[in-house]
Amino acid sequence: MEKLKYEIVTLKDGKRYFVLEDLLYQFDTYDLILNVEDENDIQIVLQEVRNGKTILTPVTDNDLLNELSLQFEENIRNKQQNL
């Protein structure tokens, strides 16, 4: 799996996002992404490789979003405490 952390990616809709953080959860990789033009547009996406291309798919399951949000928040908080 390609590490996209701190990269700028372009989604299918043409919007560009900065990959803030990545997370391995239940054998899948998820990314926390921030729209470079709209700081209010933050998403959690599933990172997959299909036919040799990295695909980012928005997470829509609310239970999974809640769990991932908590994990991302904890990881970021831990990093801030280590600064």
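Below you will find a few notes about this structure. (Residues numbered from 1 in each chain as written. Predicted model: local features only at pLDDT ≥ 70, side-chain atom pairs only at ≥ 80, totals over all residues. Heavy atoms only, no water.)

Remarks on the environment of isoleucine 8
- By the element assignment, isoleucine 8 lies in strand 1 (residues 8-10).
- Taking C-alpha positions, isoleucine 8 is 9.3 Å from leucine 34, a pair spaced 26 residues apart along the chain.
- Once residues within four sequence positions are removed from consideration, isoleucine 8 is found in contact with Arg16, Tyr17, Phe18 and Val36. (Helix = DSSP H or I, 4+ residues; strand = E, 2+ residues; numbered from the N terminus. Contact = heavy atoms within 4.5 Å.)

Considerations on the pattern of salt bridges
- One pass over the structure, following the stated rule, counts four salt bridges.
- Here lysine 5 and glutamate 21 are joined by a salt bridge, their closest N and O atoms 3.5 Å apart. Of the two residues, lysine 5 is situated in the segment before strand 1 and glutamate 21 in strand 2 (residues 16-25); the sequence distance between them amounts to 16 residues.
- Of the charged contacts in the structure, one is a salt bridge between arginine 50 and glutamate 48, with a shortest N-O distance of 2.7 Å.
- One network of salt bridges, with partners in common, ties together Lys5, Glu21 and Lys79. (Salt bridge = Lys/Arg side-chain N within 4 Å of Asp/Glu carboxyl O.)

Regarding the nonpolar core
- Grouped together as the largest cluster of nonpolar side chains are nine residues: Leu23, Tyr25, Tyr30, Leu32, Ile44, Leu46, Val59, Leu68 and Phe72.
- Only strand 2, strand 3 (28-35), strand 4 (42-50) and helix 1 (62-81) provide two or more residues apiece to this core. (Core = buried A, V, L, I, M, F, W, Y, C linked by side-chain atoms within 4.5 Å. Buried < 20%, exposed > 50% of the residue type's maximum accessible area, 1.4 Å probe, protein only.)

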